[in-house]
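Structural overview
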Amino acid sequence: MNQATPNKSRQPLSQLVAEFPRRHLIIASMACALLFIALLITPGHQAEALRTSQTIEISLEETTHTLEEAPSEPIENISWTEITVKPGDNLSKLFLRAKLADKDVYEITHSSKKAQALARIYPGQKLFFHIGEQGQLLALKHQQDILNSTLYERNDKGFSISEHQRSPELRQRYVSGTISSSLYLAASKAGLQDSLIMEMASVFGGVIDFVYDIREGDSFTLLFEEKFIDGKKIGNGPILAAEFSNQGDTHKAYRYQHASGDIGYYNEEGISMRKAFLRAPLDFTRISSSFNPNRLHPVFKTKRPHRGIDYAAATGTPVYAAGDGRVVKAGYTKANGNFVVIKHGESYTTKYLHLNKRAVKSAQRVKQRQIIGWVGSTGYATGPHLHYEFLVNGVHRNPRTILNKLPKASAIASNDRTPFLQQVNTLEMQMATYKNHYNYAANTSTENNTL
């Protein structure tokens, strides 16, 4: 009887493994291990990828939301829509021009009391709008002038407000000129603006009569500041130092700021340039008649005393108070026209006649160089001019000579003398340096022209 062949499918697993070739067992074991590791790792990577994707989406949503609420980038890098205020413009018109609605105007002007200042805008000023992608106002910059602006930035509570002020760059400039026909023409030729010419007259107004004393050949030098923003000149600063040579006499003036903040001009010895009275109550006009007690009256052609000086000038030329004082009379008479009389202490009185219009009233206190009226031809006058009189204890005196006999001006205080002299030395060195460069340039130009 034949022996039955054993059924291998029913053999124990251990016997089957024992009979399997060893090389094949090793390969099978490694495959199973790799498959197991893959099953463990793959779900984790998928979950992590999903979490990363969700995080990025949320982050983008949050960033977009933040940008819509308020600008997150530096204000200098923001793209602005610039609109200049024109005559007749109001805030609603400007917002409409920027493609914004009235609700934007309401939101920003009612965000705080300070924001209501936007209602006060003037032609020439500028508004800069930063508008979001959905047309919402994110920020507004109101530029009042080249130095001052106000920034409104949207936040959760409305708009935050911040004031910004730019500081101009200060540069020194030296100017020199010689008078051939008039001071005004010489100063203008040297490049001085009207405001600086008048400031120079104000500095030396106590020692020089710019109407009557100026002669051909007189010269001046100025050291002053200029203001620049982004390389562009926006205006002039104060005169730092000045010299004026008049009929052989040289007058020097230096600017000095006291610890109290007060500013004055003094000569090299510390004597104030501000005298009790101005040499002339007008700037850069001509005298048509000097002090002459025996002159013929221009209207009546009779010999009548002319107890003052006539300053011929165009109608509307400002007339200044010659010194500090109190207006004792301001009115009109048939002979004097519109007139002003000022009392300066107990001894001195000045009179100003034939004004086109008065700027002060009786009993009013006035300061030196304050405008008290304007030149005219009211009363007995043949043409527009100012008749100016100076009285000492009620007696008429020649305004051209009496000022030389008045007490000297005050000197700088002793506690300011040391810092003042230090500043004067610095300014004198600067003036000398500029003068040397100026003379060298002038001589070089002359030599080149002769070659």
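Above this text sits the structure in question.
All values derive from a computational prediction rather than experimental measurement.

About the criteria used
- Residues numbered from 1 in each chain as written.
- Predicted model: local features only at pLDDT ≥ 70, side-chain atom pairs only at ≥ 80, totals over all residues.
- Heavy atoms only, no water.
- Buried < 20%, exposed > 50% of the residue type's maximum accessible area, 1.4 Å probe, protein only.
- Helix = DSSP H or I, 4+ residues; strand = E, 2+ residues; numbered from the N terminus.
- Arc of directions from axis to C-beta.
- Contact = heavy atoms within 4.5 Å.
- Pairing = 2+ DSSP bridges.
- Axes fitted to C-alpha atoms, helices over the stretch in contact; angles between N-to-C directions.
- Salt bridge = Lys/Arg side-chain N within 4 Å of Asp/Glu carboxyl O.
- Polar contact = N/O pair within 3.5 Å; in protein donor to acceptor, adjacent residues only side chain to side chain.

What follows is about helix α6 (residues 194-204). Turning to α6, its buried residues are L196, I197, M200, A201, V203 and F204. One face of α6 carries all of its buried residues, which in axial projection span an arc of 160 degrees. Residues of α6 that are buried in the fold lie against α5 (183-189), β7 (219-229), β8 (232-246), β9 (249-257) and β10 (263-266).

Let's shift gears to the sheet that holds strand β6 (residues 169-178). Read from one edge to the other, the open sheet built from five strands follows the order β6-β7-β8-β9-β10, with strand pairing classed as antiparallel. Strands with a single pairing partner mark the edges of an open sheet, and in this sheet they are β6 and β10. The sheet shows a mean angle of 25 degrees between the axes of neighbouring strands, direction not considered. Where β6 lies against β7, ten bridges are found, and the strand directions are antiparallel.

Right, let's get into the pattern of salt bridges. Tallying each qualifying case throughout the model produces twelve salt bridges. Between E107 and R154 there is a salt bridge, and its shortest N-O distance comes to 3.3 Å. Taken as a pair, E107 in helix α4 (residues 102-109) and R154 in strand β4 (residues 148-155) lie far apart in primary sequence, 47 residues in all. Given the relative accessible area of 33%, E107 is considered partly exposed. With a relative accessible area of 16%, R154 lands in the buried category. Taking the shortest distance from any N to any O, the salt bridge between R173 and E226 comes out at 3.2 Å. Of this pair, R173 sits in strand β6 while E226 sits in strand β7, and the two are 53 residues apart along the sequence. With a relative accessible area of 9%, E226 lands in the buried category.

Relative to β4, strand β3 (residues 137-143) is paired through five bridges, and the arrangement is antiparallel. Within β4, the position partnered with A139 by the bridge is E153. Hairpin connection of β3 to β4: four residues between the antiparallel strands. Sheet analysis places β4 next to strand β5 (residues 158-165), joined by eight bridges and oriented antiparallel. Paired with T150 across the two strands is E163, which belongs to β5.

Looking at where Q125 falls in the secondary structure, it is placed in the loop between α4 and β2 (126-131). For Q125, the side chain forms a polar contact with the side chain of H142, separated by 2.8 Å. Among all residues touching Q125, those that are not within four sequence positions of it are I83, T84, V85, R120, H142, Q143 and Q144.

Counting through the fold element by element, Y265 comes out in strand β10. A residue is classified by how much of its surface remains accessible, and Y265, at 15% relative accessible area, is buried. As for Y265 and A242, which are separated by 23 residues in sequence, their C-alpha atoms are 9.7 Å apart. Apart from residues no more than four positions distant in its own chain, Y265 is found in contact with E199, V203, P238, I239, Y254, R255, I271, S272, M273 and R274. A distance of 2.8 Å separates a polar side-chain atom of Y265 from the backbone oxygen of I239.

Attention now moves to the environment of A259. When you line up the elements, A259 lands in the loop between β9 and β10. Spatially, the C-alpha atom of A259 lies 8.3 Å from that of D416, the residues being 157 residues apart in sequence.

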